[in-house]
Amino acid sequence: MYATSYHRASSVDEAVSLRGTAEDGKYLAGGMTLISTMKQRLAAPSDLIDLRHISQLAGISVEGRTVRIGAATRHADVASSQAIRAVCPAICDLASHIGDPHVRQMGTIGGSVANNDPAADYPSAVLGLGATVVTNQRSIPADDYFTGLFETALEEREILTAIVFEAPEKAGYAKFANPASRYAMTGVFVAKTAGGVRVAVTGAGAGGVFRHAGMEQALSAQWSPDALNAVAVDPSNLMTDMHADADYRANLIKVMAKRAVAKAG
Amino acid sequence: MTTVTLTVNGRAVSGECEDRMLLVDFIRVKLGLTGTHVGCDTTQCGSCVIHMDGLSVKSCSILAVQASGSAITTIEGLSAQGEMHPVQAAFKEHHGLQCGFCTPGMVMTAVDMINRRGGSLTEEVVRTELEGNICRCTGYHNIVKAVLSADAEMAAGRQAAE
Ligand SMILES: Cc1cc2nc3c(=O)[nH]c(=O)nc-3n(C[C@H](O)[C@H](O)[C@H](O)COP(=O)(O)OP(=O)(O)OC[C@H]3O[C@@H](n4cnc5c(N)ncnc54)[C@H](O)[C@@H]3O)c2cc1C
Ligand code: FES
Ligand code: FES
């Protein structure tokens, strides 16, 4: 790892100003992506601004059907939250299958959503639930937030502070995990929300997480796994890599979507 | 250089290090506690697992400065009174190790698993909970047996105490 300077912020404002004075700073949350990347010298920030001790970023609240998950909330805390489970068990289920127990006890939802790895799990839930990404500056609808591979609408120094969503009537998530890394080789999040049915696919798109309009229409007409039988999944914008080619992923999308609907009930 | 202050295995320690020093290197090099191992550079093998504020974490992917202020337990801290922890005893009894390289991480993972889900472990749960720990020798069978046996013994111990 290249040399770096560590700073521990105690408030969002302090973090933003530390980042402002850094030459090439980066925010640090659980470090489960960033420290690993720095060890491989694929990232070399001059300064790290640790967000883990900022109380404004911590905590889960559920009021009525509105769920708010602070950015610094670890995957393990989402997985075991009884309050979230009561209104949206699908996101607890998703969090409980990220990586391994040790990764879940460090990694945070804010880090995952800020990083927007094309094979990460949370982006599909955020997009599938039509959640709002709240930052220190504004609220960004999920449909405008994910802009490409590892790309988001976040500006240079903007801090993701929370993910907020209305609990859906039904939701389910199914992933085909890469056997080595446990990242999604394809993962599908389906939700029946007040604004309609939403289907979000991760791990498969050449441009990152995306919604599948054909599946959304079919499930709006009839909410059942069989409703997806006739839907065609076009492989032309899907990823091909050493693990799976685009045709295989197209098939996985359908299989995972059916499983997700079955899980949602 | 930054001063890192930790409570390690119940003892307050502090030391100077570069901000880029990994927690596992601080533990091994600065504190001389070499029971915690490093088996990969991709955060995948789990041989570096320790407990930070009571939860299992991979010490190879946390900076020492990030951990400053926290309470750490390493494999050396499990058997403080010179007597093996029930999980260590179960690994010995069930031959849950061969070369032993992965063992400190496996044991710390098993203790965390039992802390969180003790009394309700099944073979399937143990196998999924071991997702972040790789063993190149045993084929996992005896590790799983050891964890289940330690869980049953510790649950019985808790019941007897009640
Ligand atoms: C072995 C292993 C297996 C994994 N498996 C999976 C898996 O199956 N599925 C999956 O989805 N993920 C997986 N991950 C990734 C894991 O979920 C990470 O925790 C997550 O991607 C990043 O979260 P973090 O809190 O660790 O962020 P960090 O690594 O600290 O940061 C990641 C990036 O986000 C930025 N950032 C962090 N917080 C904020 C914020 N609040 N505002 C703005 N920017 C911010 C940082 O600057 C950095 O660029 C795995 C990781 C490992 C090591
Ligand atoms: S050394 Fe930490 S996971 Fe391999
Ligand atoms: S006993 Fe040798 S790696 Fe597990």
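What you are looking at is a predicted structure, and each value in this text was computed from that prediction instead of being measured. (Residues numbered from 1 in each chain as written. Chains lettered and ligands numbered in written order. Predicted model: local features only at pLDDT ≥ 70, side-chain atom pairs only at ≥ 80, totals over all residues. Heavy atoms only, no water.)

(A) Molecular detail of the interface of chain B and chain A. Tallying the contact residues gives 28 residues for chain B and 31 residues for chain A. Together chain B and chain A conceal approximately 2,300 Å² of surface at their shared face, both sides included; 54% is due to carbon and sulfur atoms. Interface area lost by chain B to chain A is led by Arg20, Gln66 and Glu131 of chain B, which between them contribute 28%. Between Glu131 of chain B and Arg182 of chain A there is a salt bridge, with its nearest N and O atoms 3.0 Å apart. Taken together, the connections running from chain B to chain A amount to 16 residue pairs in polar contact (both at pLDDT 80 or more). In terms of residue count, the dominant contributor to the side of chain B that touches chain A is strand E4 (residues 55-58) of chain B (four residues). (Contact = heavy atoms within 4.5 Å. Buried area = accessible area lost by both parts, 1.4 Å probe. Salt bridge = Lys/Arg side-chain N within 4 Å of Asp/Glu carboxyl O. Polar contact = N/O pair within 3.5 Å; in protein donor to acceptor, adjacent residues only side chain to side chain. Helix = DSSP H or I, 4+ residues; strand = E, 2+ residues; numbered from the N terminus.)

(B) A look at the packing of helix H3 (residues 86-93) of chain B against helix H6 (residues 141-161) of chain B. All names here are of chain B. For the pair H3 and H6, interaxial distance at closest approach is 8 Å and the crossing angle is 135°. Between H3 and H6, the angle falls in the class oblique. Seen along the crossing, H3 lies across H6 with a hand that is right-handed. Mapping the contact onto sequence places Pro86, Val87, Ala90 and Phe91 in H3 and Ile143, Ala146, Val147, Ser149, Ala150 and Met154 in H6. Here the residues of the contact of H3 with H6 are counted per class, giving nine nonpolar, one polar and no charged. (Axes fitted to C-alpha atoms, helices over the stretch in contact; angles between N-to-C directions. Parallel < 35°, antiparallel > 145°, perpendicular 65-115°, else oblique. Left-handed = near helix turned anticlockwise from the far one by under 90°. Nonpolar A, V, L, I, M, F, W, Y, C, P; charged D, E, K, R; others polar.)

(C) The arrangement of the domain arrangement of chain A in detail. Residue and element names in this part refer to chain A. Segmenting chain A into domains produces domain 1 (5-50) and domain 2 (58-264). Each of domain 1 and domain 2 has a C-alpha centre, and the two are 26 Å apart. On the side of domain 2, 12 residues touch domain 1, which itself brings 10 residues to the contact. For the domain 1 and domain 2 pair, buried surface summed over both sides reaches about 900 Å², with 67% attributable to carbon and sulfur atoms. Taken together, domain 1 and domain 2 are joined by one salt bridge. The partner of Glu156 in a salt bridge is Arg19, with the nearest N and O atoms 3.1 Å apart. Between the two partners, domain 1 and domain 2, sit two residue pairs in polar contact (both at pLDDT 80 or more). (Domains from an automatic or database assignment.)

(D) The arrangement of unusual backbone geometry in detail. The residue Phe150 of chain A is not glycine, and still its phi comes out positive at about 55°. Counting through the fold element by element, Phe150 of chain A comes out in the loop between strand E8 (146-148) and strand E9 (151-152).

(E) Representation of the domain arrangement of chain B within the structure. All names here are of chain B. Taken domain by domain, chain B consists of domain 1 (2-77) and domain 2 (86-156). Each of domain 1 and domain 2 was reduced to a C-alpha centroid, and the two centroids are 21 Å apart. At the interface, 17 residues of domain 1 touch 15 residues of domain 2. The largest per-residue losses of area from domain 1 upon contact with domain 2 belong to His37, His51 and Ile75, which jointly make up 39% of the total buried on that side. For the interface between domain 1 and domain 2, the tally reads zero salt bridges.

(F) Representation of the site of ligand 1 in the model. Of all residues adjacent to ligand 1, which total 33 residues, the nearest are Tyr27, Leu34, Thr108, Asp121 and Arg182 of chain A. At the site occupied by ligand 1, nearby residues are drawn from chains A and B. Contacts to ligand 1 include Tyr27 of chain A, whose backbone N or O atom sits 2.6 Å from an oxygen atom. Within the contact set of ligand 1, an oxygen atom lies 2.9 Å away from a side-chain nitrogen or oxygen of His75 of chain A. At the level of secondary structure, the elements contributing two or more residues to the shell around ligand 1 comprise strand E2 (25-28) and helix H7 (109-115) of chain A. Per-element accounting of the shell around ligand 1 gives the leading share, five residues, to H7 of chain A. Each residue belonging to the shell around ligand 1 can be placed in one class, and the counts come to 14 nonpolar, 14 polar and five charged. For the shell around ligand 1, the two domains that each supply at least three residues are domain 1 (5-50) and domain 2 (58-264) of chain A. (Near = heavy atom within 4 Å.)

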